[in-house]
Amino acid sequence: MMLIPCPWCGPRDESEFHYGGQAGVAYPADPAALSDEEWAKYLFFRDNPKGPFRERWSHSAGCRRWFSLVRDTVTNEVLS
Amino acid sequence: MAGPVGTRPAPGGDLPEHPDRLWRNPEPKASYDVIVVGGGGHGLATAYYLAKNHGITNVAVLERGWLAGGNMARNTTIIRSNYLWDESAGIYEHSLKLWESLEQELDYPILFSQRGVLNLAHSLQDVRDSVRRVHANRLNGVDAEWLTPAQVREVCPIVNISPDVRYPVHGATYQPRAGIAKHDYVAWGYARAADALGVDLIQHCEVQGLQISNGRVTGVHTDLGTIGAGKVALSAAGHTSVVAAGAGIDLPLQSHPLQALVSELLEPVHPTVVMSNAVHVYVSQAHKGELVMGAGIDTWNGYGQRGAFHIIERQMSAALELFPVFARAHVLRTWGGIVDVTPDASPIVGLAPVENLYLNCGWGTGGFKATPGVGWCYAHTVAHGEPHPLNAPFSLERFVTGALVDEHGAAAVAH
Ligand SMILES: Cc1cc2nc3c(=O)[nH]c(=O)nc-3n(C[C@H](O)[C@H](O)[C@H](O)COP(=O)(O)OP(=O)(O)OC[C@H]3O[C@@H](n4cnc5c(N)ncnc54)[C@H](O)[C@@H]3O)c2cc1C
Ligand SMILES: [Zn+2]
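Thresholds applied
- Residues numbered from 1 in each chain as written.
- Chains lettered and ligands numbered in written order.
- Predicted model: local features only at pLDDT ≥ 70, side-chain atom pairs only at ≥ 80, totals over all residues.
- Heavy atoms only, no water.
- Helix = DSSP H or I, 4+ residues; strand = E, 2+ residues; numbered from the N terminus.
- Rg over C-alpha atoms; globule rule 2.2 N^0.38 Å.
- Buried < 20%, exposed > 50% of the residue type's maximum accessible area, 1.4 Å probe, protein only.
- Near = heavy atom within 4 Å.
- Polar contact = N/O pair within 3.5 Å; in protein donor to acceptor, adjacent residues only side chain to side chain.
- UniProt positions renumbered as here; feature names shortened; annotations may be inferred.
- Donors = N, O, S within 2.8 Å, 3.2 Å for Na, K, Ca; no water.
- Tetrahedral: all angles 85-135°; square planar, octahedral: opposite > 155°, others 65-115°.
- Patch = residues over 30% accessible without salt bridge, like charges linked within 9 Å, V, L, I, M, F, W, Y side chains within 5 Å.
- Areas by Shrake-Rupley, 256 points an atom, 1.4 Å probe, with all protein chains shown as cover.
- Salt bridge = Lys/Arg side-chain N within 4 Å of Asp/Glu carboxyl O.
- Pairing = 2+ DSSP bridges.
- Axes fitted to C-alpha atoms, helices over the stretch in contact; angles between N-to-C directions.
- Core = buried A, V, L, I, M, F, W, Y, C linked by side-chain atoms within 4.5 Å.
- Contact = heavy atoms within 4.5 Å.

## Side note on the overall build of chain A
Of regular secondary structure, chain A possesses 1 helix and 5 strands. Going residue by residue from the N terminus, the α and β elements of chain A occur as β-β-β-α-β-β. A globule of 80 residues ought to have a C-alpha radius of gyration of about 12 Å, yet chain A, at 15 Å, is considerably larger. When the backbone C-alpha atoms are referred to their principal axes, chain A occupies close to 40 × 30 × 20 Å. Within chain A, the proportion of its 80 residues that are buried is 35%.

## A few points about the site of ligand 1
Residues and elements named next belong to chain B. Looking at ligand 1, there are 37 residues lining it, with Glu63, Met72, Thr76, Gly367 and Lys369 nearest. Thr365 is positioned with one of its backbone polar atoms (N or O) 3.1 Å from a nitrogen atom of ligand 1. Between Lys369 and ligand 1, the recorded distance is 2.8 Å, taken from a backbone N or O atom to an oxygen atom. When residues of the shell around ligand 1 are traced back to their parent elements, those giving at least two are helix H1 (41-54), strand S12 (254-265) and strand S16 (331-341). The element that contributes the greatest number of residues to the shell around ligand 1 is S12, accounting for 3 residues.

## So, the UniProt feature "domain: Rhodanese" (unreviewed entry) in chain B
Sequence positions flagged by UniProt for "domain: Rhodanese" (unreviewed entry) are, in local numbering, residues 34-78 of chain B. Between the C-alpha atoms that bound residues 34-78 of chain B the distance is 30 Å, and the span itself is 31% helix and 20% strand.

## A few points about the coordination of the zinc ion (ligand 2)
All names here are of chain A. Surrounding the zinc ion (ligand 2) are the protein donor atoms Cys6 (SG), Cys9 (SG), His59 (ND1) and Cys63 (SG), at 2.0 to 2.3 Å. Around the zinc ion (ligand 2) sit 4 donor atoms; with metal-centred angles ranging over 105 to 121°, the donor geometry is tetrahedral. Spacing between the donor residues of the zinc ion (ligand 2) along their common chain follows C-x2-C-x49-H-x3-C.

## Points about a nonpolar patch on the surface
Taken together, the side chains of A:Tyr27, A:Trp39 and A:Leu43 define a hydrophobic patch exposed on the protein surface, amounting to about 310 Å² of accessible area. Looking at where A:Tyr27 falls in the secondary structure, it is placed in the loop between strand S3 (18-22) and helix H1 (36-44).

## Examining the sheet that holds strand S5 (residues 66-72) of chain A
All names here are of chain A. Taken in spatial order, the 3 strands line up as S3-S4-S5 in an open sheet, and their pairing is antiparallel. A single partner strand is all that each edge strand has here, and the edge strands are S3 and S5. The sheet shows a mean angle of 35° between the axes of neighbouring strands, taken without regard to direction. One ladder, built from 4 bridges, connects S3 with strand S4 (residues 52-58); its direction is antiparallel. Residue pairing in the sheet places Gly21 in a bridge with Arg56 of S4.

## Things to note about the nonpolar core
Residues and elements named next belong to chain B. Judged by nonpolar contacts, the single largest core of 85 residues is most densely connected at Leu62, Trp99, Val186, Tyr190, Val232 and Leu357. Ranked by the residues each element gives to this core, the list is headed by H1, at 7 residues. Once residues lying within four places of it in the same chain are set aside, the contact partners of Leu357 are Leu210, Val217, Val232, Leu234, Ile249, Leu351 and Ala352.

## Some points on unusual backbone geometry
Residues and elements named next belong to chain B. Here Thr77, not a glycine, exhibits a phi torsion of approximately 65°, which is positive. Mapped onto the fold, Thr77 is located in the loop between strand S2 (59-62) and strand S3 (78-79). Of note in this structure, Asn356 is not a glycine but carries a positive phi near 70°. The residue Asn356 is located in the loop between strand S17 (348-351) and strand S18 (357-361) in this model.

See the structure below:
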């Protein structure tokens, strides 16, 4: 069980959160200009590191806001 | 003649001879025709069929831990082939047929028990999807029946079919040929048989990088040094992204913890396998008597082989709703594995963007049942340098072409 630091509510139990996967994946500025490969990359490919991972969380059972944090995917330690 | 007291066994302490080792533990050679990365069920089965079906015996399986210490001996051992799409029916049914004679094939007990699987339906939409899947299965020659709640009760008398619960059972699909097997025995059986055909099984040897020159793989870097290879076949399950990243290959995989648990040993009460995607638990009773339960992945990416307790709590409350008789059972043990999940809940088996490198990954929560089938097809793919027809639809390219094999319905997270 993780304690996740919501920037607005402070550390809260993991079960109050919804996971959003890799952070910083922007919607393409001009989707129609992408090749099939580029579109596939945007839709289906995400980083999957063993170690620090910058990711999105939503405090869905609390303030309902989205935020990013860096967590170690092996130890679950929140690094920033 | 008894020796001095100190060398005599203690009373009652006469232990049987240590059983014979099932495989050698060789030092790695300088190079191999094929290196299989990962000594789980898939890697071992692949090595076995490379030797058996294709005569390729200069093969090593490199395993960073001990054989079958990954998902292979952590899964809940459900074997079935009642997926929705033709592509899936092809490979899973091929696998189920191989399971049916695997004990003879390997000359090793695997405790394969065809006790059937019930996939419960709890809503009108569930009923429609399930009946559709039964028809699709039949068209593909996969045994499947639609059962009413009363028939569910005949197959598994302890399922609660009362209409008076939050998610009543409206019926179920039933695959009589489905079942369970003893997962560690399956791994040992393949390991022993592969070893006998000359395959080197090398434990405690971690692949830390791929040696690539001119766009083709020529070997692997390991903590025991560099080992040359004509071909490299990845079978590293939850760690595939890590190994592939070393070669600059991106894969559409996300690694998650998946947990399971067992109760203490109980009298036989549960004759089949029951899965519910809506209430979300799957349950069988192992040969020794423990109830074996699993559910969904922990949502976040993780490589720690442990998940959160609320996941366990939810699957137990789901189990209790379906099986009130379990109310007094105790949890004996919980554990987790790391599963590599794809966007369409189907695996990736085939060629890689680097020559002589092969991919077998993305089996997520459901690859145990595929062990013989994927070993068979992947060995063919590696031996011939082109996909076996049964795994051709499961290419990496499908994420670009859009020809996905969407098994979220039949697999959900509960594969
Ligand atoms: C809790 C749980 C329940 C499950 N229940 C079911 C079920 O009921 N039915 C079903 O069909 N499937 C189930 N699965 C899924 C199934 O276990 C997997 O899909 C399947 O085991 C994957 O293939 P494998 O056996 O080869 O994987 P693994 O046994 O995980 O093999 C991969 C091996 O690669 C090794 N490895 C990784 N990186 C390296 C490296 N760099 N160098 C060397 N070796 C490396 C690992 O140590 C590991 O031993 C379940 C999984 C879990 C975790
Ligand atoms: Zn908050």
